[in-house]
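A closer look at the structure
Residue strings, one per chain:
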Amino acid sequence: MSNTPKHFDLGSTLEMPELKDTGLAIRLVPVRTTSRPVQHLKMNRQQLIERVDGRWRSSVQAVQGLPADVVSKPGAVGQWSAKDLVGHLAVWEEESVTALRLIGEGRRPPRYARFGGIDAFNDMKWREFRDRPLADVVRWSQESHRRLLDYLAGVPEELFATETRFRHRLRLDTYGHYPEHTAHILAWRATLPV
Ligand code: NI
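Residues numbered from 1 in each chain as written. Predicted model: local features only at pLDDT ≥ 70, side-chain atom pairs only at ≥ 80, totals over all residues.

1. What about the overall build of the chain?
Selection rule: Comment: elements are numbered from the N terminus, with helices defined as DSSP H or I runs of at least four residues and strands as E runs of at least two. Field definition: a residue is buried when 20 or more other C-beta atoms are found within 10 Å of its C-beta, exposed when 12 or fewer are, and partly exposed for counts in between, with C-beta atoms placed from the backbone. For every residue pair, C-beta atoms are placed from the backbone, and the pair is scored as a contact if these atoms sit within 7 Å.
Counting its secondary structure elements, the chain contains eight helices and four strands. Secondary structure elements of the chain occur, N-terminal to C-terminal, as β-β-β-β-α-α-α-α-α-α-α-α. Taking all 194 residues of the chain together, 26% fall into the buried category. Across the chain, contacts joining residues at least 24 apart in sequence account for 78% of those joining residues at least 6 apart.

2. So, the nonpolar core
Which entries qualify depends on this criterion: Each nonpolar core comprises buried Ala, Val, Leu, Ile, Met, Phe, Trp, Tyr and Cys residues, the members being joined through C-beta atoms within 7 Å.
Core analysis: the biggest nonpolar cluster contains 26 residues, and V63, A82, V86 and I185 have the highest contact counts within it. Contact partners of I185, with chain neighbours within four places excluded, come to A62, V63, A76, A82 and L85.

3. Structural notes on the packing of helix α3 (residues 82-104) against helix α5 (residues 134-154)
Heads up, the condition is: An axis is simply a line fitted to the C-alpha atoms; with a helix, the fit covers only the stretch in contact. Between two such axes, the angle follows the N-to-C directions and lies from 0 to 180 degrees. What sets the label is the angle itself: under 35 degrees gives roughly parallel, over 145 gives roughly antiparallel, 65 to 115 gives roughly perpendicular, and the rest give oblique. Should the near helix be turned counterclockwise from the far one by less than a right angle, the crossing is left-handed, whereas a clockwise turn marks it as right-handed. Residue classes follow a fixed rule: Ala, Val, Leu, Ile, Met, Phe, Trp, Tyr, Cys and Pro count as nonpolar, while Asp, Glu, Lys and Arg count as charged, and any other residue, Gly among them, counts as polar.
Direction vectors running N to C along α3 and α5 enclose 30°, while the axes themselves pass 9 Å from each other. It follows that α3 is roughly parallel to α5 by the angle criterion. The interaxial crossing formed by α3 with α5 has left-handed handedness. Counting all contacts with α3, which are made through K83, V86, G87, L89, A90, E93, E94, S96, V97 and L100, the residues of α5 involved are L134, V137, V138, W140, S141, S144, H145, R147, L148 and Y151. Tallied by class, the residues present in the contact of α3 with α5 amount to eleven nonpolar, five polar and four charged.

4. Here's the deal with the environment of D131
With respect to the element layout, D131 can be found in the loop between α4 (118-129) and α5. For D131, a count of 7 C-beta atoms within 10 Å puts it in the exposed group. Note: C-alpha distance between D131 and D84 (47 residues apart in sequence) is 9.5 Å.

5. Here we look at the packing of α3 against α4
Between two packed helices, both the angle of their axes relative to each other and the distance between the axes serve to describe the pair. Axis separation between α3 and α4 bottoms out at 10 Å; the angle between their running directions is 120°. Regarding the angle of α3 to α4, the classification is oblique. Two packed elements cross with a definite hand, and for α3 against α4 that hand is right-handed. Between α3, through D84, G87, H88 and V91, and α4, the contact on the second element is made entirely by N122, K125, W126 and F129. Counted by class, the contact of α3 with α4 contains three nonpolar, three polar and two charged residues.

6. Brief notes about the confidence of the model for the chain
Going by this rule: Across the chain, each position has a pLDDT score giving the predictor's confidence in that residue, from 0 to 100.
Looking at the chain, the pLDDT average stands at 83 and 78% of residues meet or exceed 70. Below pLDDT 50 for its whole length, residues 1-27 participates in 46 contacts with residues either more than four positions away or in separate chains. Note that residues 36-42 has pLDDT below 50 and, in this model, seven contacts with residues that lie over four places away or in other chains.

Below is the structure:
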C-alpha cells in the first residue's frame with residue numbers, strides 16, 4: 001500500500017476518534033490508484049467517484065462514535081446489526097466490481113437466480129460474515145471501497161459516457177445503495193438510549 005506512487009486524493013482523511021474508546025479506530029486512508037493521476041481524469045468520472053465516495057463516507061459516519069458492542073448487536077434492521085449493514089454494503093461493492101468488469105468487456109453479469117434470488121444471496125453472504133468481529137468488517141469495508149474506487153479510476157472513460165448498463169449497475173450497487181442502509185442505521189441509532 002505504501003509503495004504505490006500515485007495518490008488519488010479524495011479529500012481529507014476521516015478520523016473517527018470516538019471509536020478509539022472501543023479499541024476500534026477507523027481511519028480512511030487516501031485512495032491509491034495504479035491509474036492516471038487525478039488531474040488527468042475527466043470530470044464525468046471524477047464526479048461519479050466523488051458521489052460514490054461521499055455517500056459511502058456518510059454510511060460509515062452513521063456508525064461513528066458508537067461502542068463496538070452496540071454496532072455489533074442484532075436488531076438494527078430485523079436480525080441485522082449495524083455492523084451487518086456495513087458488511088452488506090461491502091458485499092455489494094465487491095459484486096459491483098465483478099459485474100462492472102464483465103459489462104466493460106461487453107458481457108452480461110450472471111444473475112442472482114442461481115442463488116435463489118437477491119434476498120437469498122444477501123442472506124447467504126450475511127451468514128458468511130456475521131460472526132466476524134467489527135474491526136474485521138470495518139477493515140473489509142474500507143478495502144472493498146478502495147478497490148472499487150481504484151477500479152473506477154482505471155476504467156476507460158467511454159464506459160462512463162456511453163455505457164448505460166455500466167452506469168446503471170454502478171448506481172444500483174453503490175451510490176444508490178448506500179443511502180438506503182445509512183437511513184436504516186440512522187433510524188436505529190435514533191432509538192438508542194443516550
Ligand atoms: Ni441492501
